[in-house]
Amino acid sequence: MITSVFLLAFIAVLCSLDVTAFGQFMLCRPIFCAPLFGFIMGDINTGLWIGMISEMVWIKAIPMGVAVPIDIASISIMATYWSCKYFKGTHEAAMWAMALAIPFAFFYREIDVYGRNFNIRIMHWVEDGINKNKESRINWGLFWGLFFSAARLYAFYLFAMTLGGLIFQLVYCQFPAFVVGGFKKAWSLLPILGFGAVLYNFRNIKIPFMKK
Amino acid sequence: MAKAYLYSKMFFKTFFLQALWNFERLQNIGFLFVLKPFLDKIYSDKEKRREALLRHTGFFNTHPYMANVIIAITANMEQQAADGNLDDVKKINLVKSTMAGPLAAIGDSFFWGTLRPVAAFISIFFVILFSRGLDQKFPAFSIMIPLIFIFIYNIVHLPLRYWFLFISFKLDKESIAFISKLEFKFLWEMARYFGLIIIVASLFFYFNIFGFGPGNTIFFANAVPDALVYGIVLVLATLLGRFSANFMFYSVILLCIAMSYLGL
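Residues numbered from 1 in each chain as written. Chains lettered and ligands numbered in written order. Predicted model: local features only at pLDDT ≥ 70, side-chain atom pairs only at ≥ 80, totals over all residues. Heavy atoms only, no water.

Draft legend 1. Broad picture of the overall build of chain A. For chain A, the helix and strand inventory stands at seven helices and zero strands. Tracing chain A from N to C terminus, the helices and strands come up as α-α-α-α-α-α-α. Along the three orthogonal principal directions, the C-alpha set of chain A runs to about 65 × 60 × 25 Å. Taken across its 212 residues, chain A has 60% of its residues classed as buried. A sequence separation of at least 24 residues applies to 75% of the contacts in chain A between residues at least 6 apart. Within the structure as shown, chain A displays about 8200 Å² of accessible surface, and the carbon and sulfur contribution to it stands at 68%. (Helix = DSSP H or I, 4+ residues; strand = E, 2+ residues; numbered from the N terminus. Buried < 20%, exposed > 50% of the residue type's maximum accessible area, 1.4 Å probe, protein only. Contact = heavy atoms within 4.5 Å. Areas by Shrake-Rupley, 256 points an atom, 1.4 Å probe, with all protein chains shown as cover.)

Written as structure tokens, this is what we have:
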């Protein structure tokens, strides 16, 4: 079991880089990264459940074209990390963790948009280099793009894991019993919401023998 | 041998296609990064190479996997330009921009819209099927579930990605016709039917495991089975699917808290 926040943030960065910057092997998908964090932190089943809910509920969040959707990798990673670190095995806490992780994911999206705008400067630097016969700038430009993406992610995860974790446990301890009871119900009901989102996604499917 | 090494090097570099993704010209530098070893090989003259590199600094955006097709065709055209067999080098960028849109549409719908959800549904099916026994009976299986997703997705996507690059080098523009003959739409539809079957089976098991019987009375105490609440929420969630996922997520959380407050 790994408990060092520095190491865990690094693993989270490796998963999140897969969204755009490197590879797209789907290591960033909640169904993989949430159980991975659960496994690392000694509670893989909570990770699987969080991953399953995130995967289904945000099924439409796909980075197509210039669209930058909410970062569901960070939702599942943060939710699994907080719930496994502070209230291991508690389903209610896992649901609160997911609810709290969404604003953090929006915050990361803003950082990501800033980063993609910052990449324009690097791109112009590379272009200028090619004009001056400095071809090595192509490799360096790509390296800096990757480096700044990783640095942004690392700073975000360190901030979210520590400060977010503090907010998570302090607020959770103040919740009245009925709120905690509500989160317990949500543990079973949110997968159903996910199924609904998935079925909605299948609305255009045509059954062969019913085709006109 | 040297050619195979060059193509393999380019294939490895395609993983970095979006490393410098920017809002102005999107994947342009990534495209250049992949193509550079090829341009280095065919243009020994520095000035001609500079012109070729500058040609590819313009706007470029497509699906990151399908980009391999365009990279290979562009490389072939650059080869023709270097050999003096291409009358107008402007055609290179024209071909690039013409192919980017349709290939992006194929990639988005097949890889993002079909393969990824289907691979995820298979893992979700196993999460639900073994949800009550993961701790006791199948502790090792919990680790296998996310790996199943990664395996299914990558066993399909990686060979295809590799093949796209090599077939396009070999067949040049004919590769587009070759790919279109592969009946991607048919594969896509079949995968979607399979996905639908898997998700309906998962739903059936979910209702069976968590909807009825002892221990499944977290809503309305013992008055009605939980399956009734699940059924109502499922219908509402499907009908209201066009609303934002975040809105729906928080609505369900608030609904649960309200039910808890009312003692339901």
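Draft legend 2. Examining the layout of surface pockets more closely. Residues and elements named next belong to chain B. For the second largest pocket, the calculated volume is near 520 Å³. Going through the elements one at a time, helix H5 (90–129) and helix H8 (184–211) are the ones with two or more residues in the lining of the second largest pocket. The greatest single-element share of the lining of the second largest pocket, amounting to eight residues, is contributed by H5. (1 Å grid on protein atoms, 1.4 Å probe; cavity = no way out; pocket = protein on both sides within 12 Å on 5 of 7 lines; lining within 4 Å. Points joined across faces, edges and corners; volume = space filled by probe spheres on them.)

Draft legend 3. Representation of the packing of helix H7 (residues 177–201) of chain A against H8(B). At a minimum axis distance of 11 Å, the contact between H7(A) and H8(B) shows a crossing angle of 155°. Comparing the axis directions of H7(A) and H8(B) gives the class roughly antiparallel. For the crossing formed where H7(A) meets H8(B), the hand is left-handed. Between H7(A) and H8(B), the contacting residues are A:Trp187, A:Ser188, A:Pro191, A:Ile192, A:Phe195, A:Val198, A:Leu199 and A:Asn201 on the first element and B:Arg192, B:Leu196, B:Ile199, B:Ser202, B:Leu203, B:Tyr206 and B:Phe207 on the second. Across the contact of H7(A) with H8(B), the residue classes tally to 11 nonpolar, three polar and one charged. (Axes fitted to C-alpha atoms, helices over the stretch in contact; angles between N-to-C directions. Parallel < 35°, antiparallel > 145°, perpendicular 65-115°, else oblique. Left-handed = near helix turned anticlockwise from the far one by under 90°. Nonpolar A, V, L, I, M, F, W, Y, C, P; charged D, E, K, R; others polar.)

Draft legend 4. Representation of the side chain of B:Thr62. Residues and elements named next belong to chain B. Structurally, Thr-62 can be placed in the loop between helix H3 (46–55) and helix H4 (67–83). A distance of 2.9 Å separates a polar atom in the side chain of Thr-62 from the backbone oxygen of Ala-100. Within the structure, Thr-62 has its side chain in polar contact with the backbone nitrogen of Ala-104 (distance 3.4 Å). Dropping the residues within four chain positions of it, Thr-62 is found in contact with Gln-27, Ala-67, Ile-70, Ala-100, Leu-103 and Ala-104. (Polar contact = N/O pair within 3.5 Å; in protein donor to acceptor, adjacent residues only side chain to side chain.)

Draft legend 5. Layout of the side chain of A:Arg152. Residues and elements named next belong to chain A. Relative to the elements of secondary structure, Arg-152 occurs in helix H6 (residues 136–174). Asp-112 is the oppositely charged side chain nearest to the buried, salt-bridge-free Arg-152, at an N-O distance of 4.5 Å. Those residues in contact with Arg-152 that lie beyond four places of it in its chain are Ile-111, Asp-112 and Gly-115. (Lys, Arg positive; Asp, Glu negative; His and termini not counted. Salt bridge = Lys/Arg side-chain N within 4 Å of Asp/Glu carboxyl O.)

Draft legend 6. View of the nonpolar core. A:Trp58, A:Tyr157 and A:Met161 are the most contacted members of the largest nonpolar core, which totals 171 residues. No other element matches helix H5 (residues 91–131) of chain A, which puts 19 residues into this core. With near-sequence residues (within four places) excluded, A:Trp58 lies in contact with A:Ile70, A:Ile72, A:Ile75, A:Met98, A:Ile102, B:Ala245, B:Asn246 and B:Phe249. (Core = buried A, V, L, I, M, F, W, Y, C linked by side-chain atoms within 4.5 Å.)

Draft legend 7. Region of interest: the packing of aromatic side chains. In this structure the tally under the stated criterion is 60 aromatic pairs over all chains. Ring geometry for A:Trp96 versus A:Phe183: centroids 6.1 Å apart, planes at 40°, classification tilted. With A:Trp96 in helix H5 and A:Phe183 in helix H7, this pair connects stretches of sequence that are 87 residues apart. The burial state of A:Trp96 is the same as that of A:Phe183; both residues are buried. We note B:Lys13 situated over the ring of B:Phe33; from NZ or CZ to the ring centre the distance is 4.1 Å. Over the aromatic face of B:Phe243 sits the side chain of B:Arg242, whose NZ or CZ is 5.2 Å from the ring centroid. (Phe/Tyr/Trp six-rings, centres within 6.5 Å; stacked < 30°, edge-to-face > 60°. Lys NZ or Arg CZ within 6 Å of the ring centre and 35° of its normal.)

Draft legend 8. Seen up close, unusual backbone geometry. All names here are of chain A. Of note, Met-26 is a non-glycine position whose phi angle comes to about 70°, a positive value. On the secondary structure map, Met-26 appears in the loop between helix H1 (5–17) and helix H2 (30–40). The backbone phi angle of Asn-133 is positive, close to 60°, even though this residue is not glycine. By the element assignment, Asn-133 lies in the loop between H5 and H6.

Draft legend 9. How the structure looks around the interface of chain B and chain A. The interface of chain B with chain A comprises 90 residues on the first partner and 83 residues on the second. Across the chain B-chain A interface, the total number found is three salt bridges. Here B:Lys36 ties to A:Glu135 by a salt bridge, and the two come within 3.8 Å at their closest N and O atoms. Linking chain B with chain A are 17 residue pairs in polar contact (both at pLDDT 80 or more).

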